[in-house]
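Structural description and commentary
The primary structure of each chain is shown beneath.
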Amino acid sequence: MRRVLIGGLAALLTGSLALAGTPVVKREVGALVTENVPETPPAVREQLRRYQNARSATFLDWLGDGTMLIATRFGQAPQIHHVKAPGGDRTQLTFFAEPVTSAAAQPVVPGAFVFARDAGGDEYFQGYASAVDGGEAQVTEPKTRNTGFVFSPDGNQLAWSRVTPGKGDYDIMLMRTGQAATRRVALKGRGAVGPVAFSADGGRILFRRAISAQSSKVFVLETATGKVVEINPTRKPIAYSGGEFTPDGRRVLMLSDEKSEVARLVEYDLASGRKTVVADGGAWEIEAFDLSENGRLLAYAINEGGRSRVVVADLVTRRALPQPELPVGVLADLKFSPDALRLAIGLNSATSPADVWTWNIAEAALVRWTHSEMGGLKSADMVEPALIRFASFDQRQIPAWAYRPKATKGPTPVIIDIHGGPEGQSRPGFSTAYQYWVNALGATVISPNVRGSTGYGKTYLALDNGMKRQDSVRDIGALLDWIATQPDLDKSRVVVSGGSYGGFMTLAALAAYDDRLAGAIDTVGISDFTTFLTNTEGYRRDLRRVEYGDERDPVMKAEFDRISPLNLTDRMTKPLFVIAGFNDPRVPWTEGEQMVAKVRANGGEVWWMMAKDEGHGFRKKQNRDALREAETLFLRKLFGAGS
């Protein structure tokens, strides 16, 4: 497969993929390969500059001394930083060309942690042991993918999941911390398994097997004997997430949608099998939780239509505690400090980047630890979105976030931006792209949560499965109907955009509603379900088949042939911009390349951009800058003068 892809790239660079009579202007600058993308005028680059320099701070973990690890960017890619106190300096700890955005602190040992990084976005993560005073040592095997690093409470053991190229079955690995020679396979897994938590004595590991967005299994592994016991065995599909042992090891807390439309926090007694609902968000799902090390305090967050609300409770007495009054926003992280005196809360809003706060339990005081830079932007100039709903073909109400310019002259152009997943949710977090489109281009941005999105219950989540895939595309048609009724929106200047599965939705919408769109931007999107499922990495294939269908089934294959955008290019006449990463393990770059070739064969106009050092989306600042510049030129072309 790799030889075929490299051959395709060579052909692209030499021009052998160009069609006779079709003018294609190719350029290669650094790692970026483009076709038909114009040079960026200095004025456009300057206009974008402030939006591209905003930063964010993401909480990673508490260190044993009460300081914290965060991820932020002070160069081309986010790296791990150490923050000792609220408002303190961010001391950079990792210095790589690739982003480093995950880390787990080693308990007991001051300043020690493990982090993971890949190469060029290939997602074959390697794990490294490190410390705040420097040094690093690889703890995983080369040419393997490693995720989900979890320490035992005493810090003496490290567990994680490992898969090898082309395989779909993960193993759970275990080693004595700092002793790579002790690394061993603790469980020969089946499917996508991964450790969640250790018991307090380190003798058991709670692990989960993901089957689909709507179904998973949870088990307890005895590390000494290899014995595995399933928790709450049933044939009914249940979606679990998260997990903590209580300090006595007798019970497990997990998020579960068993007998509920949405996820609730449930306690499972391991001996009796008794189940107790600990926290219920009513119509809304509980999206995250954390249990203090002493087992006394519980914190959880409720996803209320896209916005997060954090609740703190005394799990033992069940008495009410003072609650943090947070800015309206979207939760990123939630974790108690080792001494249970503070709760770290990662939060971002539509008008400010992600930052880290702490809630002092005893004093009921909210303290801001980081103050992320806006890159010269003013928070007051940022647009807060409004939650709208529109009726689809079956009269189902579809939620969406609408970002409207504060000052407009006549009807505005519209960008419909569709999230990926498909088990994802558009939420009102900070997006420099959205704010730039609204404030600089004068466009209204609408981010819909079409059927199949998370956050609205498992019935809604299943509405696009299998043969119902096109129903979510019809939701976009209904949104176009709604746009046509709005006097402040210009129905003749609507562009659809999306990444990953949102890229498929973008291409499908262009095929279905070409006469109602001005153009489309597809980022790392699926163009043909059969080629996608054939070429996606082995560790993802079975999970994707559960969601999309199995291409080996003749009936499903026929449906894929009917709905795949690659087979509908004769319906596409409007300009298309396709973006891909050469190392993408999820949606191979060939999904975009074949789309470009097919549309051009039909005489269509296509812009193409591929980064040879990126994977599933652009993560390096220089590449993201170039993408935003090209995107701006494309949108200006479609929107016309004054944009």
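Our subject in this report is the structure included herewith.

Cut-off values and rules
Residues numbered from 1 in each chain as written. Predicted model: local features only at pLDDT ≥ 70, side-chain atom pairs only at ≥ 80, totals over all residues. Heavy atoms only, no water. Helix = DSSP H or I, 4+ residues; strand = E, 2+ residues; numbered from the N terminus. Rg over C-alpha atoms; globule rule 2.2 N^0.38 Å. Buried < 20%, exposed > 50% of the residue type's maximum accessible area, 1.4 Å probe, protein only. Contact = heavy atoms within 4.5 Å. Pairing = 2+ DSSP bridges. Axes fitted to C-alpha atoms, helices over the stretch in contact; angles between N-to-C directions. Core = buried A, V, L, I, M, F, W, Y, C linked by side-chain atoms within 4.5 Å. Parallel < 35°, antiparallel > 145°, perpendicular 65-115°, else oblique. Left-handed = near helix turned anticlockwise from the far one by under 90°. Salt bridge = Lys/Arg side-chain N within 4 Å of Asp/Glu carboxyl O. Phe/Tyr/Trp six-rings, centres within 6.5 Å; stacked < 30°, edge-to-face > 60°. Nonpolar A, V, L, I, M, F, W, Y, C, P; charged D, E, K, R; others polar.

1. Some words on the overall build of the protein chain
Tallying secondary structure elements over the protein chain gives 11 helices and 37 strands in all. On C-alpha atoms alone, the protein chain measures out to a radius of gyration of 24 Å, which is about the 26 Å that the 2.2 N^0.38 rule sets for 643 residues. In terms of overall dimensions, the protein chain has C-alpha extents of about 70 × 50 × 50 Å along its principal axes. Here the protein chain holds 643 residues, and 59% of them are scored as buried. Once local pairs closer than 6 in sequence are excluded, the contacts in the protein chain between residues at least 24 apart make up 53%.

2. A few points about the sheet that holds strand β18 (residues 228–231)
The strand order β15-β16-β17-β18 describes an open sheet built from 4 strands, whose pairing is antiparallel. Since the sheet does not close on itself, it has two edges, and those belong to β15 (192–198) and β18, each with one partner. Ignoring which end each strand starts from, the neighbouring axes of this sheet average 30 degrees apart. Bridge count for strand β16 (residues 204–212) against strand β17 (residues 215–222) is 8 bridges, and the pairing is antiparallel. The residue of β17 that forms the bridge with Leu206 is Val220.

3. Thoughts on the pairing of strand β26 (residues 330–336)
Counting buried positions along β26 gives 5 out of 7 residues, so the element sits mostly inside the fold. Bridge count for β26 against strand β27 (residues 342–349) is 6 bridges, and the pairing is antiparallel. Bridge assignment links Phe336 to a residue of β27, and that residue is Leu343. Linking two consecutive strands that pair antiparallel, namely β26 and β27, is a turn of 5 residues; a positive phi of about 65 degrees is found at Ala340 within it.

4. Digging into the sheet that holds strand β28 (residues 352–360)
Sheets are built from strands that pair by backbone hydrogen bonding, the pairs being arranged parallel or antiparallel. An order of β26-β27-β28-β29 is seen for the 4 strands of this open sheet, with the pairing classed as antiparallel. Both outer strands of the open sheet, β26 and β29 (365–368), are each paired with one neighbouring strand and no more. Sheet twist, expressed as the average angle between the axes of neighbouring strands with direction ignored, equals 25 degrees.

5. Topic: the environment of Ser337
Its place among the elements puts Ser337 in the loop between β26 and β27. We classify Ser337 as buried; its relative accessible area is 2%. As a C-alpha pair, Ser337 and Leu63 span 274 residues in sequence and 8.2 Å in three-dimensional space. Once residues within four sequence positions are removed from consideration, Ser337 is found in contact with Trp62 and Arg342.

6. Some words on the nonpolar core
One finds Ile416, Ile446, Trp482, Ile483, Met505, Phe529 and Leu576 to be the most contacted residues of the largest nonpolar core, which totals 57 residues. When residues of this core are assigned to their parent elements, the largest contribution, 8 residues, is made by helix α6 (residues 501–512). Those residues in contact with Ile446 that lie beyond four places of it in its chain are Ile388, Ala400, Trp401, Ala402, Val414, Ile415, Ile416, Asp417, Leu479, Trp482, Ile483 and Leu489. Leu377, Met382, Phe430 and Leu633 belong to the second-largest nonpolar core, a separate cluster that totals 40 residues.

7. Points about unusual backbone geometry
Cis rather than trans, the peptide bond between Gly421 and Pro422 has omega equal to 5 degrees. Assignment of secondary structure puts Pro422 in the loop between β32 (412–418) and α3 (432–439). Positive phi, close to 60 degrees, is recorded for Arg318, a residue that is not glycine. Within the secondary structure, Arg318 is located in the loop between β25 (307–314) and β26.

8. Here's the deal with the packing of helix α2 (residues 42–52) against helix α11 (residues 621–639)
Where α2 contacts α11, the axes come no closer than 10 Å and their chain directions differ by 125 degrees. Here α2 is positioned oblique relative to α11, judged by the angle of their axes. Handedness of the crossing formed by α2 with α11: right-handed. Listed contacts from α11 to Val44, Arg45, Gln47, Leu48 and Gln52 of α2 are Lys621, Arg624, Asp625, Arg628, Glu629, Thr632, Leu633 and Arg636.

9. Some details on α3
Within α3, 7 of the 8 residues are buried, which leaves the element mostly enclosed by the surrounding structure. If you check which residues of α3 are buried, you get Thr432, Ala433, Tyr434, Gln435, Tyr436, Trp437 and Val438. The inward-facing, buried residues of α3 contact α2, β31 (397–403), β32, β33 (444–448), β34 (489–499) and α11.

10. Digging into the pattern of salt bridges
In this structure the tally under the stated criterion is 46 salt bridges. A salt bridge links Glu35 to Lys26; the shortest N-O distance between them is 4.0 Å. Judged by relative accessible area, which is 2%, Glu35 ranks as buried. A residue is classified by how much of its surface remains accessible, and Lys26, at 28% relative accessible area, is partly exposed.

11. What to know about the packing of aromatic side chains
Applying the stated rule across the entire model yields 25 aromatic pairs. Between Phe113 and Phe115 the ring centres are 6.3 Å apart and the planes differ by 40 degrees, which places this aromatic pair in the tilted class. Classification of Phe113 as buried rests on a relative accessible area of 2%. Ring plane angle 50 degrees and centroid distance 5.7 Å describe the contact between Phe582 and Trp589, whose orientation is recorded as tilted. According to the relative accessible area criterion, Phe582 is buried, its value standing at 10%.

12. A look at the packing of α2 against α3
For the pair α2 and α3, the least separation of the axes is 10 Å and the interaxial angle reads 140 degrees. It follows from the interaxial angle that α2 and α3 lie oblique. Of the two elements, α2 crosses α3, and the hand of that crossing is right-handed. Side by side, α2 and α3 meet where Gln47, Leu48, Tyr51 and Gln52 of the first sit next to Thr432, Gln435, Tyr436 and Asn439 of the second. Its residues assigned to classes, the contact of α2 with α3 shows 3 nonpolar, 5 polar and no charged.

13. Details of the environment of Leu326
Here Leu326 shows up in the loop between β25 and β26. Judged by relative accessible area, Leu326 falls into the partly exposed class, the value being 21%. Excluding residues that lie within four positions of it along the chain, Leu326 makes contacts with Val310, Ile345, Leu347 and Leu366.

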